[in-house]
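# Coordinate analysis (summary)
Listed below are the residues making up each chain.
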Amino acid sequence: MRDVLADLEWRGLVAQTTDREALAKDLASGPLTLYCGFDPTADSLHLGSLVPLFALRRFQLGGHRPIALAGGATGFIGDPTGRSTDRVMTDAETLAVRVGKLSDQMRRFLDVGDGPTDAILADNLDWTRELSVLSFLRDIGRHFPVNQMLARESVSARLESGGLSFTEFAYQLLQSMDYVELYRRHGCRLQVGGNDQWGNITAGLDLLRRVEQGSAHALTFPLVTDSSGSKIGKSTGGGNVWLDPDMTTPYALYQFLLNVDDRDAGTHLRLLTFVGQEEVEALDEATVQRPQERAAQRRLACELVALVHGPQEVGRVQAASAALFGGGDLAELDERTLAAALAEAPSVAVPGDVPPYVELLSSALGLSRSEARRAVKEGSAYLNGAKVTDDAAVPVESDWLHGRFLVLRRGKRSVAVAERPRP
RNA sequence: GGCGGGUUGCCCGAGUGGUCAAAGGGAGCAGACUGUAAAUCUGCCGGCUCAGCCUACGAAGGUUCGAACCCUUCACCCGCCA
């Protein structure tokens, strides 16, 4: 197996490390236990969360033991890093549900078990739930000089932009405690995370040294932004691209990746896939030589759909893309192909009476009626590939493809389907 | 506790009694051009039963023919003083 550290460096995944040589030595001398924390801020992981998660997997493939730590406790408090105001607090039940969902998702990418390189899924609520305030203050708090805490970037930034509550101020203590706890329980000696976590991670190292005289490592990933400056995995719609198929369909994931800017395709391949160096570099070259083929984007999109939703989804998603973007006449498609293609698109069921076009478009694509009407006015609304000019028009019998489907489209990319029971 | 400043649409931010659904920028959407790309240009960008109406400028009241703009109270934030 190739040297993990060298692979990470080639992929551009290493922003900062503590003593690199010592880390390399530890990695070379046998399975090292490492961890990365994931706070439950939503019901699903998103594309950006795959960077650290896949990094854990890379370590695992390299013969090490990863711990994916769900932040049941830290998520309860809210990390002030990179935020300008206090987080809205989430209640405990919601968090518990989220932790469960995130764990399920993480299980798909890591081999979890009891073996020496099997991953562990942990939740920091396990060692904080019963912790008393007094022991926290005595055993943990006394090791944290306030002057150092204040100096941390995440805190000082907040002090300048309006302050932060004690709750958030204490976040770094909780995270530090996690490191110590995982060191004690599992011999964890490396914490990885986004570069914005550097302060929190090194705080953990300090605590570890003080309470356990332990020596351990830190490694952070660069905070990757795409060429337009936004975080990786943010959809053009401004929102996140989620892994949960109910939140972002496999088709939408595929389309999002297929549309990645040429300049970002190589970076995405490195960070979000396990495609090897030789092939990635060949794809980089292909992008330069024949950009219109989008070989890198295609590979990226297929890879991730397979990783996230399973290999069987790839074909379906590709068929859907071909049908919906092929430029061919939708009416020409046979029922089975059409149904398969449309299965990936958002759909709306039409019961009895057929409502007018705006109504269908807005409900299927989640637009307000004003937006749907505007789309028609702007000439960007289509029914079965033909431009719609009258927003009040009601689809007629012959519009129903195979008697069942109406293909609704707004602009080039948003496709939805209205479906009614087979006649 | 005292004094002063602030709270505007997804974000930033102008507006300080009618011409305000609110300048400008960013983000986003669409059209043209392309490669389902980028850049560029153009249009859109609160909702609706859409030539009109409704809801909105921290919250609630008030003054006024008329309030984002004036007054009162409340909440939160910032600064200075104690």
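The coordinates are above.
A brief report on the enclosed structure follows. Note on numbering: residues in each chain are counted from 1, in written sequence order. Chains and ligands are labelled sequentially in the order written, the chains with letters from A and the ligands with numbers from 1. Per-residue local features are limited, in this predicted model, to residues with pLDDT of at least 70; the limit for side-chain atom pairs, both in listing and counting, is 80 or more; totals at the level of whole chains, interfaces and linings are taken over all residues. Derived side-chain values reflect all non-hydrogen atoms in the structure, with water molecules and hydrogen atoms excluded from consideration.

### Comments concerning helix 12 (residues 250-258)
Put simply, the rule is: Buried means the residue's accessible area, taken with a 1.4 Å probe over protein chains only, is under 20% of the maximum for its type, while exposed means over 50%, and partly exposed covers the values in between. The helix and strand labels rest on DSSP assignments: H or I over at least four residues marks a helix, E over at least two residues marks a strand, and numbering proceeds from the N terminus. Contact between two residues is taken to exist if any of their heavy atoms lie within 4.5 Å; hydrogens are not considered.
Among the 9 residues of helix 12, 8 are classified as buried, and the element is accordingly described as predominantly covered. Among all positions of helix 12, only Pro250, Tyr251, Leu253, Tyr254, Gln255, Phe256, Leu257 and Leu258 are buried. Buried residues along helix 12 sit against helix 15 (295-309) and helix 16 (311-325).

### A short note on the sheet that holds strand 11 (residues 414-419)
In plain terms, the rule: Note: two strands are recorded as paired if DSSP finds a minimum of 2 bridges between them.
In spatial order, the strands read 7-11-10-8-9; together these 5 strands make up an open sheet with mixed pairing. Looking at strand neighbours, the two that pair on one side only are strand 7 (347-349) and strand 9 (386-387), the edges of this open sheet. Bridge count for strand 7 against strand 11 is 3 bridges, and the pairing is parallel. From the neighbouring strand, Ala349 faces strand 11, where its bridge partner is Glu419.

### As for the packing of helix 13 (residues 262-272) against helix 14 (residues 277-289)
Condition: Think of each axis as a best-fit line through the C-alpha atoms, taken over the contacting stretch in the case of a helix, with angles from 0 to 180 degrees between the N-to-C directions. Oblique is the label for any angle not covered by the other classes, which are roughly parallel (under 35 degrees), roughly antiparallel (over 145) and roughly perpendicular (65 to 115). Residue polarity is assigned by list, with Asp, Glu, Lys and Arg as charged and Ala, Val, Leu, Ile, Met, Phe, Trp, Tyr, Cys and Pro as nonpolar; anything else, Gly included, falls into the polar class.
Running from amino to carboxyl end, helix 13 crosses helix 14 at an angle of 175°, the nearest separation of the two axes being 10 Å. Here helix 13 lies roughly antiparallel to helix 14, going by the angle between them. Between helix 13 and helix 14, the residues in contact are Asp262, Gly266, Leu269 and Arg270 and Val280, Glu281, Leu283, Asp284 and Thr287, respectively. The residue inventory of the contact of helix 13 with helix 14, partitioned by class, reads 3 nonpolar, 2 polar and 4 charged.

### Side note on the pattern of salt bridges
Threshold: For this analysis, a salt bridge means a side-chain nitrogen from Lys or Arg found within 4 Å of a carboxyl oxygen belonging to Asp or Glu.
Applying the stated criterion to the full structure yields 23 salt bridges. Of the charged contacts in the structure, one is a salt bridge between Asp7 and Arg11, with a shortest N-O distance of 3.2 Å. You can see Asp7 and its partner Arg11 sitting in helix 1 (residues 4-11), 4 residues apart, about one turn around the helix. Overall, the relative accessible area of 14% leaves Asp7 in the buried class. A salt bridge links Glu419 to Arg404, with the nearest nitrogen and oxygen atoms 3.2 Å apart. Taken together, the residues span a long stretch of sequence, with Glu419 in strand 11 and Arg404 in the loop between strand 9 and strand 10 (405-410) at a distance of 15 residues. Looking at Arg404, the relative accessible area reads 13%, which means it is buried. If you follow the salt bridges from partner to partner, you end up with Glu181, Arg184, Arg185 and Glu212 in one network.

### A word on the packing of aromatic side chains
We apply this condition: Geometry of aromatic contacts follows a simple scheme: Phe, Tyr and Trp rings, the Trp one being its six-membered ring, pair when their centres are within 6.5 Å, and the pair is stacked under 30 degrees between planes, edge-to-face over 60, tilted otherwise.
Taken as a whole and assessed by the stated rule, the structure comprises 3 aromatic pairs. Between Tyr35 and Tyr179, the aromatic rings sit 5.6 Å apart at their centres with planes inclined by 70°, giving edge-to-face as the arrangement. With Tyr35 in strand 2 (residues 33-38) and Tyr179 in helix 10 (residues 171-186), the pair connects residues that are 144 residues apart, well separated along the chain. Here Tyr35 falls in the buried class, since its relative accessible area comes to 1%. On the basis of relative accessibility, which here comes to 0%, the residue Tyr179 falls in the buried class.

### Considering the pairing of strand 11
Examined bridge by bridge, strand 10 and strand 11 share 6 bridges and lie antiparallel to one another. Within strand 11, the residue paired with Phe405 across the bridge is Glu419. Connecting the antiparallel pair strand 10 and strand 11 is a turn made up of 3 residues, with Gly411 showing a positive phi of about 65°.

### Considerations on the sheet that holds strand 2
If you trace the 6 strands from one edge of the open sheet to the other, you get 1-6-5-2-3-4, paired in mixed fashion. The two strands at the open ends of the sheet, each matched to only one other strand, are strand 1 (16-17) and strand 4 (120-123). Note that strand 1 and strand 6 (residues 217-221) share 2 bridges and pair antiparallel. Pairing of Thr17 across the sheet is with Leu219, part of strand 6.

### Digging into the pairing of strand 10
The buried fraction of strand 10 amounts to 5 of the 6 residues, a majority that puts the element mostly inside the structure. Direction of pairing for strand 8 (residues 381-383) relative to strand 10: antiparallel, over a ladder of 3 bridges. Within the sheet, the bridge partner assigned to Tyr382 lies in strand 10 and is Arg409.

### Description of the side chain of Ser176
Within the secondary structure layout, Ser176 lies in helix 10. Judged by relative accessible area, which is 0%, Ser176 ranks as buried. Here Ser176 is in contact with Phe144, Asn200, Ala203, Gly204 and Leu207, once residues within four sequence places are set aside.

What is shown is where atoms sit, not what they do.
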